[in-house]
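# What the coordinates show
Okay, here's what each chain looks like letter by letter:
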Amino acid sequence: MATDGERDDGVQVDLQLHRAHSARMYDYYLGGTTNFAPDREAAGQALAVFPWAALAARINRAFMHRSIRLLAGRGFGQFLDIGTGIPTSPNLHEIAQGVNPGARVLYTDNDPIVLAHAQALLHSDPAGRTAYLEGDVLDPKAVLESDELHDILDLARPVVLSLVALLHFVPDDREARSVVEQLKAALAPGSALVISHGTPEFAPAEAERVARIYGANGTPVRMRTREEIARFFDGWEFLPPGLVATRRWRPEPTDPGPGATDAEASAYAGVAVKP
Ligand SMILES: C[S@@+](CC[C@H](N)C(=O)[O-])C[C@H]1O[C@@H](n2cnc3c(N)ncnc32)[C@H](O)[C@@H]1O
């Protein structure tokens, strides 16, 4: 277990338990147990100004499930998931392999606690493969050139690139666009891009306050407008219904918060394919 800083394989990692981390705050919203006092303190502050954070997290997670299930059903068998988060079953590979048992998934996150719990991501269907890479989306070259990636994924064939609830943690617009473009450029035609992203459009005052709280706790956040988020998909073709409020992206009856408003999710989501 990770609480003492020991990884599943026995290696010590610095979990930075003295400060709040976005992955552990998100885990707290999802009802997980991999969070500590500073995370709960910061999450409590966020909930005070954005009381729907837990619902928003579940709506976001459900979008990941729906989009990955759809793409696996369309024959996609390779997935690169950046900003994986602390494992919360069903994880991406469980969804993909539930449809396509041979699916191969490379998970990447830069938070050491995700690495510490990565074992839960490695229980692959024997027909497929999963692996975990500790990596930073701000260094896409390192991710793209890693042995882990090339061991799992064949970039000559289509890949699903999943950047779910990640890019609002890259506040600089130029940097965010640059890393997404570098990742997109490395993928073969027919690849798919899955993005969800926080927005101020549906609840401006609350979104601004929650971003400020993350910033004050050491995690700068930039909420973006629909137009700004749409630019990440430039040159790729949206699958219907396009870039929409997360809960409106191909909703299913089992989705969390069936009566939720767009303000409560305060995020956009979309999937596009490389021509
Ligand atoms: C809100 S969680 C989303 C988890 C998962 N993708 C989901 O939607 O359920 C955001 C994740 O992005 C990770 N993250 C933030 N900045 C990152 C970076 N520069 N590189 C890689 N991962 C990052 C955090 O550690 C956290 O686990």
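To start, this report covers the structure provided alongside it. (Residues numbered from 1 in each chain as written. Predicted model: local features only at pLDDT ≥ 70, side-chain atom pairs only at ≥ 80, totals over all residues. Heavy atoms only, no water.)

## Topic: the pattern of salt bridges
Applying the stated criterion across every chain, the model contains 15 salt bridges. Put simply, Glu208 and Arg212 hold a salt bridge, and the shortest N to O gap is 2.5 Å. In this pair, Glu208 and Arg212 are both assigned in helix 9 (residues 204–216), four residues apart and thus about one turn of the helix distant. Judged by relative accessible area, Glu208 falls into the partly exposed class, the value being 47%. With a relative accessible area of 53%, Arg212 lands in the exposed category. Each of Asp173, Arg222, Arg224 and Glu228 takes part in one network of salt bridges that share partners. (Salt bridge = Lys/Arg side-chain N within 4 Å of Asp/Glu carboxyl O. Helix = DSSP H or I, 4+ residues; strand = E, 2+ residues; numbered from the N terminus. Buried < 20%, exposed > 50% of the residue type's maximum accessible area, 1.4 Å probe, protein only.)

## A word on the side chain of Asp109
Checked against the element boundaries, Asp109 lands in strand 2 (residues 104–109). An unpaired buried charge is present at Asp109: no salt bridge exists, and Arg61, the closest side chain of opposite charge, is 9.0 Å distant. Within the structure, Asp109 has its side chain in polar contact with the backbone nitrogen of Gly85 (distance 2.9 Å). A distance of 2.9 Å separates a polar atom in the side chain of Asp109 from the backbone nitrogen of Asp111. In this view, Asp109 contacts Gly83, Thr84, Gly85, Val114, Tyr132, Leu133, Glu134 and Gly135; residues no more than four positions away in its chain are not counted. (Lys, Arg positive; Asp, Glu negative; His and termini not counted. Polar contact = N/O pair within 3.5 Å; in protein donor to acceptor, adjacent residues only side chain to side chain. Contact = heavy atoms within 4.5 Å.)

## Concerning the site of the ligand
In the vicinity of the ligand lie 18 residues, with Tyr26, Arg61, Gly83, Asp109 and Asp136 positioned nearest. For the ligand, an oxygen atom lies 2.8 Å from a polar atom in the side chain of Asn60. Between an oxygen atom of the ligand and a main-chain N or O atom of Gly85, the distance comes to 3.4 Å. Taking 600 Å² as the accessible area of the ligand by itself, protein coverage stands at 94%. Taken together, the elements giving at least two residues each to the shell around the ligand come down to helix 1 (22–29) and helix 3 (53–73). Of the residues forming the shell around the ligand, the biggest block, three residues, is contributed by helix 1. Here the shell around the ligand is built from residues that sort into seven nonpolar, seven polar and four charged. (Near = heavy atom within 4 Å. Areas by Shrake-Rupley, 256 points an atom, 1.4 Å probe, with all protein chains shown as cover. Nonpolar A, V, L, I, M, F, W, Y, C, P; charged D, E, K, R; others polar.)

## A short note on the pairing of strand 5 (residues 192–198)
Buried residues dominate strand 5, accounting for seven of its seven residues. The side-chain alternation of strand 5 yields two buried faces, one formed by Ala192, Val194, Ser196 and Gly198 and the other by Leu193, Ile195 and His197. Bridge count between strand 4 (residues 160–164) and strand 5: five bridges; the pairing is parallel. Looking at strand 5, one finds that Val164 is bridged to Ser196. Viewed along the sheet, the connection from strand 4 through helix 8 (residues 173–185) into strand 5 turns out right-handed. Here strand 5 pairs with strand 8 (residues 267–273) via seven bridges, running antiparallel. (Pairing = 2+ DSSP bridges. Right-handed = clockwise from strand over helix to strand, strands pointing away.)

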